[in-house]
Amino acid sequence: MFAGAPLGRVTGSTVGTGPAITAVLVGEPAVGAYSARELARCGVELLHAVAIRGALQVVFELRPRVVVVDLADGPTALAVIGSIAAAVPQTPVLTLSAAPDHATVLAAVRAGATSHLVAPATAQELADALRRTATGHAVFSPGLADVVLEEFGRPADLLDGSRRLTEREADVLRLVVDGLTARQIAARLVLSPRTVENHVQNVLRKLRLRSRAALVRYAIENGLA
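Attention in this report is confined to the structure presented alongside it. This structure is a prediction, so every number in the text was calculated from the model and none was measured.

Quick look at the sheet that holds strand β2 (residues 44-50)
And step 1. Read across the open sheet, the five strands follow the order β2-β1-β3-β4-β5; overall the sheet is parallel. Looking along the sheet, the strands with just one partner apiece sit at the ends: β2 and β5 (115-118). Sheet twist, expressed as the mean angle between neighbouring strand axes with direction ignored, is 25°.
And step 2. Direction of pairing for strand β1 (residues 21-26) relative to β2: parallel, over a ladder of six bridges.

Okay, here's the thing in C-alpha cells:
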C-alpha cells in the first residue's frame, strides 16, 4: 500500500464537523500511523498515502485540502515541502515529527509548512488540526507556537509591513492568494514574469515571510486579499 497505489476512498465526517477534509499523507511513519478508515471516522478523506519521493506529483494531481508530511526523512522532507509550497501554494502543509525539536519545527515553517504536530497524535487530534489548517489557521502542538512566533514575528508586528505595500504589490498579492502562477499574474497585469517574481519577493521581505504558502496564509488571516 505504501509505495504509491491510490487508496480506495473511504469518506465520512464526524457529527457537526461538516464535509470531510481531503488529505494526502506523505512519508512512511505517517502512513503507518493512520488508516483511511480511522481518519474517515474523524471526518478526513484520505486520498492517497505516498512515499516522500512521489509526493509532489500526487499532490499536484489530486489537490487535497491539506498535505501531511512526516519529517522523518529530514532534508528530503523539507525539500518536498518547499516544492509543494511553490507548485500548489493554495494547499497548506501540516508536518509531523517524533519529538518537539524547535529547530525541526522552524525548518519546516521556513520551508513552507503551515502547522505542526508532535507524535503521538491521535487520529482525532490530526483531523482537528487538518480542519483548522484547511480553514486558514496555523496549528502547533503545545509549546511550539511561541517558538514560531518569536522567530517569525507576531501578526500585529507584521501589519505595519503590509501598510507599506505598493499598489502593484497589493495587486500581485491578491492574485497569488487566488492561486495564479507568475505567468498568469503577468498576463493579467501586463507585466513580465520576472517583474511579478520581484514583486512577490518584495512582499515576502516586507512581511518577513519565507514562502508563498506563508504569504497566502498571512494574507487570508489578516484580510489583505
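Okay, back to it.
A look at helix α3 (residues 55-62)
And step 1. For α3, the full list of buried residues reads Ala 55, Val 58 and Val 59. Taken around the axis of α3, the buried residues stretch over an arc of 95°, which confines them to a single face. In α3, the exposed positions angled more than 90 degrees off the buried face are occupied by Gln 57 and Glu 61.
And step 2. Two residues or fewer after α3 comes Arg 63, characterised by a positive phi angle close to 50°.

Quick look at the pattern of salt bridges
And step 1. The full count for this structure, using the stated rule, is three salt bridges.
And step 2. Across the pair Arg 131 and Asp 128 runs a salt bridge, and its minimum N-O distance is 3.5 Å. Of this pair, Arg 131 and Asp 128 both sit in helix α6 (residues 123-134), three residues apart, which is roughly one turn of that helix.
And step 3. A residue is classified by how much of its surface remains accessible, and Arg 131, at 15% relative accessible area, is buried.
And step 4. Arg 168 is paired through a salt bridge with Asp 171; the nearest N and O atoms lie 3.7 Å apart. Highlighted residues: Arg 168 and Asp 171, both in helix α9 (residues 167-177), separated by three residues, approximately one helical turn.

Remarks on the side chain of Thr 133
And step 1. Note on placement: Thr 133 falls in helix α6.
And step 2. Reaching out from Thr 133, the side chain makes a polar contact with the side chain of Ser 115 at a distance of 2.8 Å.
And step 3. A polar atom in the side chain of Thr 133 sits 2.7 Å from the backbone oxygen of Ala 129.
And step 4. With residues up to four places along the chain from it excluded, the contact list for Thr 133 reads Val 66, Pro 92, Leu 94, Thr 114, Ser 115 and Val 139.

Parameters and conventions
Throughout this document, residue positions are counted from 1 along each chain, in the order its sequence is written. Totals for whole chains, interfaces and linings use every residue, but because this is a predicted model, local features are given only for residues with pLDDT of at least 70 and side-chain atom pairs only at 80 or more, for both listing and counting. To obtain the side-chain values, all non-hydrogen atoms of the structure were included, while hydrogens and water were left out. Strand pairing requires that DSSP identify at least two bridges connecting the strands. Runs of E in the DSSP output that reach at least two residues are strands. Runs of H or I that reach at least four are helices, and both are numbered from the N terminus. Where helices are involved, their axes are fitted lines through C-alpha atoms of the stretch in contact, as for all axes, and angles between N-to-C directions lie from 0 to 180°. Three exposure classes are used, based on accessible area relative to the maximum for each residue type with a 1.4 Å probe and protein chains only: buried under 20%, partly exposed in between, and exposed over 50%. An arc is given here, and it is the one of the directions from the helix axis to the C-beta atoms. Whenever a carboxyl oxygen of Asp or Glu lies within 4 Å of a side-chain nitrogen of Lys or Arg, that contact is scored as a salt bridge. Throughout this description, a polar contact denotes any pair of N or O atoms lying within 3.5 Å of each other; where both atoms belong to protein, one of them has to be capable of donating a hydrogen while the other can accept it, and for residues adjacent in sequence the pair is counted only when both atoms sit in side chains. Should any heavy atoms of two residues lie within 4.5 Å, those residues are counted as being in contact.

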